[in-house]
Amino acid sequence: MFHAPVAKSTRPRSVRLNCDLLESREVPAAITLAIENQTGLNPSEYSIWVAGYSAPANLFLDSDGNFKPTVSGQTTIPVFSINSLPNINFSYPGGFGGGIVQFFVVPTGTTPPGLGYSSGAVTPPPVPPFQSGQTNQGFTNDFLEFTIDPDQTLHIDSTQVTQFAIPLTLQALGSNNQVIQQVGVTPGNSAVNRAAIGTAYTTFVAAENATAAYGQLVIDYPPKSVANQYYSIVSPTNFLAVNPSATGLSTYWDSTLATLFSTASPIPMSVIFANETYTGTVVTASNGSAAIEFTQTTGAGAGAKYYVFDPRSTYGSAFGTANFQVFGNVGVFNDPSTTSIPNGNTGVGLQLQQLVVAAINRGVAITAPTSGPAGFTSNFWGTVANWYQSPNVYNVYSKFWHQGTVSGTPIMIDGRAYGFGYDEDSQLAGQPPVSSKFDPVPAGTTSMKLILTAWLTAGGTNNGGNGGNGATPSHPLGGPLFVGGASGNTNVYPQDSSTDAYSTTGTTIAPIP
């Protein structure tokens, strides 16, 4: 399934090798998406706009709700008010990947600019933190991502991998418009509103003793504030992309990486996926860099070697800073080169890299058993109950989206979210789904609904969304929200997106800090 890019690199593409039989199901000729505004924002003050496209397929969403080929000389992807756009039609001959549906919240009477386009690339709206010196940044925005298979089967998700800016809920509906399944922010409960989610986030990270690292991810940008609320809660990846020396985040994984990639005390590993077994140990590779060497021990590819390099090593550091690579699931954790995969299957090699970086983010990479029946490592890594356990080091941003609540109600339906790029469902049998996706849409789905959920408490106003009293926005823990290239500097607004474009190649690694 396609995943959208993050910051200055392409969001990693998940590789799946499981060959489970699909359930018997009737594939609809087309699925349409209706958009329902439940934000509670005053329509005389704020309006919602949408754009859609696939950069790899050179398609854009037109005013009739259909995706159409771009034309020669086209330089923008158009935007439309949700009040005028018909239902979005997820159908196209032959299907396509890399689909994005982008939403904007803007002052009523304002039309957001179209997204810049050139063949095979779309310039996305900027995501904070913005680079210093930029004073005219984009409107509050967020997106869905999707793929349409050649047989028109739809795969679609909501994600927090780049940021949380607009609360969204996806519902799969049956023939009588009944909800078959839903993912995203809990709808229909005004207590679980955007303002309350921001407060819950800062309270959560404080309880995790992680305010120094993760509290700074709540971003304010007053020129484009909606309902006097924060601009977004940005991911650690995006924050590090602009602030590579960020307090707490730039060294966050150092102790974990030192243990995981120790050549002096290598951790024995045994991983099973797609019914094959791979044993692992840390070695000094032929290029002189430390790496986990996985050796396939079963099946037709027995004997093949796969390497997951230490991102701090000479080889790994060429991709960027180690902590950025871990948070972003990029670099050595998304490396199809023959250095990492010298004589094996590329898909297998990428899968092993994904398993390792997901285990790091979930806090289980260095806590698994070191012996036992085949698969003792992957069995531990794949058990959801083992994830995000103190005192282990884990991605607190991701943990919040899976476990955060407002007044006892889960923020995300069933705790399903995308807290980092490879935050996929466990491949271990019997584990609950964890990702906020339909992959594919459930059997019996005839249409879909996208709900833009509450920004305000029932009866609230557009002013004071981050406290309800119309005051100047402030961090729920006290003090100003971080708004720029340096913590506490309220006169700069971070990132020029002019050099950022959605790439047509899912595994291309752009320059990163």
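What you are looking at is a predicted structure, and each value in this text was computed from that prediction instead of being measured. (Residues numbered from 1 in each chain as written. Predicted model: local features only at pLDDT ≥ 70, side-chain atom pairs only at ≥ 80, totals over all residues. Heavy atoms only, no water.)

## Re the overall build of the chain
When helices and strands are counted, the chain shows nine helices and 25 strands. Every one of the 513 residues in the chain was classed for burial, and the buried ones make up 57%. Here the chain displays about 18,400 Å² of accessible surface, and carbon together with sulfur accounts for 51% of that area. (Helix = DSSP H or I, 4+ residues; strand = E, 2+ residues; numbered from the N terminus. Buried < 20%, exposed > 50% of the residue type's maximum accessible area, 1.4 Å probe, protein only. Areas by Shrake-Rupley, 256 points an atom, 1.4 Å probe, with all protein chains shown as cover.)

## A word on the confidence of the model for the chain
Chain-level pLDDT for the chain is 85 on average; 82% of the residues reach the 70-or-more range. Between residues 15-28, whose pLDDT stays under 50, and residues either more than four places distant or in other chains, the model counts 27 contacts. Low pLDDT (under 50) marks residues 462-513, which in the prediction has 167 contacts with non-local residues, meaning those over four places away or in another chain. (pLDDT = per-residue confidence, 0-100. Contact = heavy atoms within 4.5 Å.)

## As for the sheet that holds strand β7 (residues 88-90)
Strand order in this open sheet of five strands is β7-β1-β25-β14-β15, and the pairing throughout is mixed. Looking at the sheet topology across the chains shown, the edges are occupied by β7 and β15 (179-184). Strand-to-strand, the axes of this sheet are offset by a mean angle of 25 degrees, without reference to chain direction. Bridging between strand β14 (residues 168-173) and β15 involves five bridges; their strand directions are antiparallel. Paired with Leu173 across the bridge in β15 is Val179. (Pairing = 2+ DSSP bridges. Axes fitted to C-alpha atoms, helices over the stretch in contact; angles between N-to-C directions.)

## Some details on the nonpolar core
One broad rule of soluble globular proteins: the nonpolar side chains tend to lie buried together. Among the nonpolar cores identified, the biggest contains 79 residues, and Tyr214, Phe294 and Trp401 are the most heavily contacted of them. Sort the elements by how many residues they give to this core and helix α7 (residues 346-362) lands first, with seven residues. Aside from chain neighbours lying at most four places away, what touches Tyr214 is Tyr201, Val205, Pro236, Leu249, Tyr252, Phe327, Tyr394, Asn395, Val396 and Tyr397. (Core = buried A, V, L, I, M, F, W, Y, C linked by side-chain atoms within 4.5 Å.)

## With respect to the pattern of salt bridges
Counting across every chain of the model gives nine salt bridges. As a salt-bridge pair, Glu36 and Lys449 come within 3.1 Å of each other at their nearest N and O atoms. Placement of Glu36 in strand β1 (residues 31-37) and of Lys449 in strand β25 (residues 447-452) is noted, with a sequence separation of 413 residues between them. Given the relative accessible area of 28%, Glu36 is considered partly exposed. Between Asp64 and Lys68 there is a salt bridge whose closest N-O contact spans 2.9 Å. (Salt bridge = Lys/Arg side-chain N within 4 Å of Asp/Glu carboxyl O.)

## Focus on the sheet that holds strand β5 (residues 76-77)
Two modes of strand pairing occur in sheets, parallel and antiparallel, and in both the strands are linked by backbone hydrogen bonds. Pairing is antiparallel in the open sheet, where three strands are placed in the order β5-β9-β10. Each of the sheet's edge strands pairs with one partner strand only, and the pair in question is β5 and β10 (121-123).

## Describing unusual backbone geometry
The step from Ser390 to Pro391 runs through a cis peptide bond, and the omega angle for that step is 5 degrees. Following Asp439, the chain continues to Pro440 via a peptide bond in cis, the omega torsion being 5 degrees. For Pro440, the location among the structural elements is in the loop between β24 (437-438) and β25. In the Ramachandran plot, Asn209 falls in the positive-phi region, its phi being about 55 degrees despite a non-glycine side chain. Along the polypeptide, Asn209 turns up in the loop between α1 (194-207) and α2 (211-214).

## Side note on the packing of aromatic side chains
For the structure on display, the rule yields 23 aromatic pairs. An aromatic cluster of three or more residues is present, and its members are Phe164, Tyr201, Phe204, Tyr397, Phe400 and Trp401. We note Lys224 situated over the ring of Phe139; from NZ or CZ to the ring centre the distance is 4.6 Å. Arg362 extends its terminal NZ or CZ atom over the ring of Trp387, reaching a point 3.8 Å from the ring centre. (Phe/Tyr/Trp six-rings, centres within 6.5 Å; stacked < 30°, edge-to-face > 60°. Lys NZ or Arg CZ within 6 Å of the ring centre and 35° of its normal.)

## Comments concerning the side chain of Thr140
Relative to the elements of secondary structure, Thr140 occurs in strand β11 (residues 140-148). Not counting residues up to four positions away in its chain, the partners in contact with Thr140 are Phe103, Phe104, Val105, Ala165, Ile166, Arg194, Lys224, Val226, Tyr231 and Trp455.

## Considerations on the pairing of strand β2 (residues 46-54)
Burial analysis of β2 places nine of its nine residues in the buried class, which makes it a mostly covered element. Where burial is concerned, the two faces of β2 agree: the one with Tyr46, Ile48, Val50, Gly52 and Ser54 and the one with Ser47, Trp49, Ala51 and Tyr53 are both buried. With nine bridges joining them, β2 and strand β8 (residues 96-107) adopt antiparallel strand pairing. The partner of Trp49 across the bridge, within β8, is Phe104. When β2 meets strand β6 (residues 80-81), the two strands line up antiparallel, connected through two bridges. Across the sheet, the residue bridging to Val50 is Phe80, located in β6. Pairing between β2 and strand β3 (residues 59-61): two bridges, direction antiparallel.

## Regarding α1
For α1, which comprises 14 residues, the first-to-last C-alpha distance of 20 Å matches the rise-based estimate of 20 Å (1.5 Å per residue) to within 8%. Counting buried positions along α1 yields 10 of 14 residues, so the element is predominantly enclosed. Burial in α1 covers these residues: Arg194, Ala195, Ala196, Ile197, Gly198, Ala200, Tyr201, Thr202, Phe204 and Val205. Looking one or two places after α1, you find Asn209, whose phi comes out positive at around 55 degrees. (Expected span 1.5 Å × (residues − 1).)

## Topic: α7
Over its 17 residues, α7 runs 24 Å from end to end, which matches the ideal 24 Å to within 8%, given 1.5 Å per residue. The backbone nitrogen of Gly347 lies 2.8 Å from a side-chain oxygen of the residue at the head of α7, namely Asn345. (Polar contact = N/O pair within 3.5 Å; in protein donor to acceptor, adjacent residues only side chain to side chain.)

## Let's talk about the pairing of β25
Of all the six residues making up β25, five are buried; the element is thus mostly covered by neighbouring parts of the structure. Relative to β25, β1 runs parallel, the two being bridged by five bridges. Along β25, the bridge assignment pairs Leu33 with Met448.

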